[in-house]
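Report on the structure
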Amino acid sequence: MSDLVKRIMVYIDGTEQSVTAAQYAICLASFSSAELVAHYVLNTKAMSDLLRTHIFLQDEQTEYEHDMEADAERYLNYVAEMGMKKGVSVVKKRSKGSVQREIIEAVKDLEVDLLVIGELSRIRSRRDELYDETERAMRSAPCSVLIVKDEERVWNLYESLV
Amino acid sequence: MSMINLITEEIVKVPLVSDNKLDVMRELVQILKNAGEIEDYNGVLTAVQAREDKQSTGLEDGIAVPHGRTAAVDGLKLAIGIAPQGIDFDSYDGKPSKLFFLLLASLDSAGPHVAALAEIAKLAQSKSFCRALCNAETAAEVVELMKGE
């Protein structure tokens, strides 16, 4: 049973849902003694698409990418601090490209046993399902995937962790 | 947060009554104000205009995606307007714009903003879907179409 989960990866994207997922992942890592990786993907694929479709300007793309770099740093540091408060070491990972592809590659490269992601949209449409990068990653990940729900309960779990 | 979660009847207006670009932007921002999504009308309008002044967000085939980031909003805000008559929005292909997605984000929401804009960009690729939206007669119909229910 000690080999059940050796390495957990939580996907961070700057949303409240992903922060909740990180809190849950910290609890899991603490209970299982698994290594925890926090992964932020700069969605440069989407930015390139926006430039191609004339929604973005070149300087706008540059500005957003710069800000997303800063967001990644801030959120990963925040997750690492949350882990540190509970005695859990968090490995920070940042990459650029297609969210789905980067998540899947990281799962394979790091030999992740369990992918933890935040709650997906409450309202799912058939159309949206085709486009949501995180949902696509969930469906195509080669490891088990855990979707974290109930922000309040997770917060209480995290807070009660000694 | 997915763009789909932002869609309610309160942030959709059919039809838009404006007949020029500046008034469309005002009308879209007013939708958010009326829906209680923003407080600082002028701050939001200034951000939208500033982006629009650099280059029009009027795309091809009657779709426009005015957007911007500003401290005047929290998180992501979306307003949808439909103008069946078409409005000159200095679009990329020179055609009048009929379907407007106004998407605003706070200054610290670059990632979620990009993700939501990308969702709109992908929706815009479906000509039949956009045509259906443009033919919608009520906000409820737009919401139903967007949520695919």
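Structural data are supplied above this passage.
Residues numbered from 1 in each chain as written. Chains lettered and ligands numbered in written order. Predicted model: local features only at pLDDT ≥ 70, side-chain atom pairs only at ≥ 80, totals over all residues. Heavy atoms only, no water.

**What about the overall build of chain A?**
Helices and strands together make up the secondary structure of chain A, namely seven helices and five strands. Going residue by residue from the N terminus, the α and β elements of chain A occur as β-α-β-α-α-β-α-β-α-α-β-α. Since a compact globule built from 162 residues should have a radius of gyration of about 15 Å, the 16 Å found for chain A is in line with a globular shape. Expressed along its principal axes, the backbone C-alpha trace of chain A runs to roughly 50 × 30 × 30 Å. When each of the 162 residues of chain A is scored for burial, the buried share is 51%. Long-range contacts, defined here as pairs at least 24 residues apart, represent 77% of the contacts in chain A between residues at least 6 apart. With the model as given, the accessible surface of chain A reaches about 8100 Å², and the carbon-plus-sulfur share is 48%. Across chain A, the mean location of the 21 positive side-chain charges is 4 Å away from that of the 29 negative side-chain charges. (Helix = DSSP H or I, 4+ residues; strand = E, 2+ residues; numbered from the N terminus. Rg over C-alpha atoms; globule rule 2.2 N^0.38 Å. Buried < 20%, exposed > 50% of the residue type's maximum accessible area, 1.4 Å probe, protein only. Contact = heavy atoms within 4.5 Å. Areas by Shrake-Rupley, 256 points an atom, 1.4 Å probe, with all protein chains shown as cover. Lys, Arg positive; Asp, Glu negative; His and termini not counted. Charge placed at Lys NZ, Arg CZ, Asp CG, Glu CD.)

**Considering the pairing of strand β5 (residues 97–105) of chain B**
Regular strands place side chains that alternate from one sheet face to the opposite one. Residue and element names in this part refer to chain B. Within β5, eight of the nine residues are buried, leaving the element largely enclosed by the surrounding structure. Relative to β5, strand β2 (residues 63–64) runs parallel, the two sharing two bridges. The residue of β5 that forms the bridge with Ala64 is Phe100. Both strand β3 (residues 67–69) and β5 contribute to a ladder of three bridges, which runs parallel. (Pairing = 2+ DSSP bridges.)

**Here we look at the pattern of salt bridges**
This structure, assessed with the given rule, holds 19 salt bridges over all chains. Ionic pairing is found between Arg94 of chain A and Glu69 of chain A, a salt bridge with its closest N-O pair at 3.3 Å. Pair noted here: Arg94 of chain A is in strand β3 (residues 90–96) and Glu69 of chain A is in helix α3 (residues 58–85), with a separation of 25 residues, a long-range link. Assessed through its relative accessible area of 24%, Glu69 of chain A is described here as partly exposed. Notably, a salt bridge pairs Lys13 of chain B with Glu27 of chain B, separated by 2.8 Å at the nearest N-O pair. Taken together, the positions of Lys13 of chain B in strand β1 (residues 12–13) and Glu27 of chain B in helix α1 (residues 21–34) put the pair 14 residues apart, joining distant regions of the chain. On the accessibility criterion, Lys13 of chain B (30% relative accessible area) is partly exposed. Note on Glu27 of chain B: relative accessible area 8%, which makes it buried. (Salt bridge = Lys/Arg side-chain N within 4 Å of Asp/Glu carboxyl O.)

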